[in-house]
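Letter by letter, the chains look like this.
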Amino acid sequence: MSFEGYYLKKCKNNHIFTFDVYDDDAEDKCLQCNEKFIKTRIVDCTNGLTKKQERKIYSKFKKA
């Protein structure tokens, strides 16, 4: 079984982006304002995510 997931990254201006965990070219700066990302979270979706679970993850990530 392989791992499936993505990174959530947020800059100080609250721009949020997702990057695949296997993406070697994942950015370390915001694509919109060029500020460094200040928060990163890995989201495991190996066994799938429901829309409700995904909304909860994004909601908590936005607040932090």
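You'll find the structure just up there.
The paragraphs below set out a description of the structure included in this document. Fair warning: this is a prediction, and the values are worked out from it, not measured in the lab. (Residues numbered from 1 in each chain as written. Predicted model: local features only at pLDDT ≥ 70, side-chain atom pairs only at ≥ 80, totals over all residues. Heavy atoms only, no water.)

## Brief notes about a nonpolar patch on the surface
Residues F3, Y22 and I42 make up a contiguous nonpolar surface patch of roughly 300 Å² in combined accessible area. Take F3: it is sitting in the segment before β1 (5-11). Take F3: its relative accessible area is 31%, and that puts it in the partly exposed class. (Patch = residues over 30% accessible without salt bridge, like charges linked within 9 Å, V, L, I, M, F, W, Y side chains within 5 Å. Areas by Shrake-Rupley, 256 points an atom, 1.4 Å probe, with all protein chains shown as cover. Salt bridge = Lys/Arg side-chain N within 4 Å of Asp/Glu carboxyl O. Helix = DSSP H or I, 4+ residues; strand = E, 2+ residues; numbered from the N terminus. Buried < 20%, exposed > 50% of the residue type's maximum accessible area, 1.4 Å probe, protein only.)

## Thoughts on the pattern of salt bridges
In total, this model carries two salt bridges according to the counting rule given. Here K12 makes a salt bridge to E35, at a shortest N to O gap of 3.8 Å. Of this pair, K12 sits in the loop between β1 and β2 (16-20) while E35 sits in the loop between β2 and β3 (37-44), and the two are 23 residues apart along the sequence. Accessibility expressed as a relative area gives 53% for K12, which makes it exposed.

## Description of the pairing of β1
In terms of burial, β1 is a largely internal element, six of the seven residues being buried. Sheet analysis places β1 next to β3, joined by seven bridges and oriented antiparallel. Across the sheet, residue L8 finds its bridge partner in β3, namely R41. (Pairing = 2+ DSSP bridges.)

## Focus: the sheet that holds β1
Overall, antiparallel pairing links the three strands, which are arranged β2-β1-β3 in an open sheet. Either end of the sheet is taken by a strand with one partner, and the two such strands are β2 and β3. Strand after strand, the sheet turns through a mean of 25° between neighbouring axes, direction not considered. The pairing of β1 with β2 spans five bridges and is classified as antiparallel. The residue bridging K9 from the neighbouring strand is F17, located in β2. Contacting β1, β2 and β3, helix α1 (residues 51-63) runs over the sheet at an angle of about 30° to β1. (Axes fitted to C-alpha atoms, helices over the stretch in contact; angles between N-to-C directions. Contact = heavy atoms within 4.5 Å.)

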